[in-house]
Amino acid sequence: MNKNGKLTRKNKGLEKFYEQIYQAIIRHVHFDIVKAIIIASPGFVKDQVYNYIFDQAVKTGNKVIMENKSKFLQIHCSSGHKHALTEIMQDPSIQVKLADTKAAREVQALDKFYEMMNSDPDRAFYGFEHVDKANESGAIGTLLVTDELFRSADIETRKKYVSLVEQVRAQNGNVYVFSSMHASGERK
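The name an unreviewed UniProt entry gives the protein is eRF1 domain-containing protein, with Rhizopus delemar as the organism. Its UniProt record gives the protein the following Subcellular location (unreviewed entry) comment, quoted word for word: "Cytoplasm". The annotation that UniProt attaches to the protein under Cofactor (unreviewed entry) is "a divalent metal cation".

Structure, rendered in structure tokens:
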């Protein structure tokens, strides 16, 4: 606010941004399914968003949001960029809260793969040809693949990855299809 008590253009923009977040939560979050909503930022934005959400819930009498207040987690991260998701997912308090979620299992599987690459590289394969050869021997315990390959627009590429996934599952292997939109699907 300026000295006359009026909202500045910047504050109006922030208010609109916070309202969009609040409305998106109302429209898209199914609290009966969702275990946690993580609000993260390097500064105080996470606190401002959190306060806005609950101020609005009180003003509008939104009991669903108020009843699920414990599912909202405020986390500090080093930046506002997408790569900070990896940092957030490795935070111990987040790992406890998300212990049995798909995202946590994916992060754990990826971490185990990198660990194996470092400690026992003869057991960690990547690239279709090497993985396919290991699959022929029934040697795949866990297969990690990105959705970009699994759902490729190129029919031949899609067929070979879908077939590989089905074969690994048929041999009781674990399969994780990583979203290329999630930080875990981008780690190299």
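Undergrad: Explain the packing of helix α1 (residues 9-28) against helix α2 (residues 45-60) to me, using residue names and the numbers behind them.
TA: The N-to-C vectors of α1 and α2 enclose an angle of 65°; their axes lie 10 Å apart at closest approach. Read as a crossing pair, α1 and α2 show a hand that is right-handed. Every residue of α2 that contacts α1 at Glu15, Tyr18, Glu19, Ile21, Tyr22 and Ile25 is listed here: Val45, Gln48, Val49, Tyr52, Ile53, Gln56, Ala57 and Thr60. Of the residues in the contact of α1 with α2, the class split is nine nonpolar, three polar and two charged.

Undergrad: Residues and numbers for the packing of aromatic side chains, please.
TA: Tallying each qualifying case throughout the model produces eight aromatic pairs. Judged by centre distance (6.5 Å) and plane angle (40°), the ring pair of tyrosine 176 and phenylalanine 178 falls under tilted. Following the ring pairs from residue to residue traces out a cluster consisting of Phe31, Tyr50, Phe54 and Phe72. Its guanidinium or amino end placed over the ring of phenylalanine 54, lysine 69 lies 5.0 Å from that ring's centre, counting from NZ or CZ.

Undergrad: A description of the pattern of salt bridges should follow, citing residues and the corresponding values.
TA: When charged atoms on two side chains of opposite charge get close, those side chains can pair. Summed over all chains, the structure comprises two salt bridges. When the shortest N-O distance is used, the salt bridge between arginine 123 and aspartate 120 registers 3.5 Å. Its relative accessible area of 55% is what places arginine 123 among the exposed residues.

Rules behind the numbers
Residues numbered from 1 in each chain as written. Predicted model: local features only at pLDDT ≥ 70, side-chain atom pairs only at ≥ 80, totals over all residues. Heavy atoms only, no water. UniProt positions renumbered as here; feature names shortened; annotations may be inferred. Axes fitted to C-alpha atoms, helices over the stretch in contact; angles between N-to-C directions. Helix = DSSP H or I, 4+ residues; strand = E, 2+ residues; numbered from the N terminus. Left-handed = near helix turned anticlockwise from the far one by under 90°. Contact = heavy atoms within 4.5 Å. Nonpolar A, V, L, I, M, F, W, Y, C, P; charged D, E, K, R; others polar. Phe/Tyr/Trp six-rings, centres within 6.5 Å; stacked < 30°, edge-to-face > 60°. Lys NZ or Arg CZ within 6 Å of the ring centre and 35° of its normal. Salt bridge = Lys/Arg side-chain N within 4 Å of Asp/Glu carboxyl O. Buried < 20%, exposed > 50% of the residue type's maximum accessible area, 1.4 Å probe, protein only.

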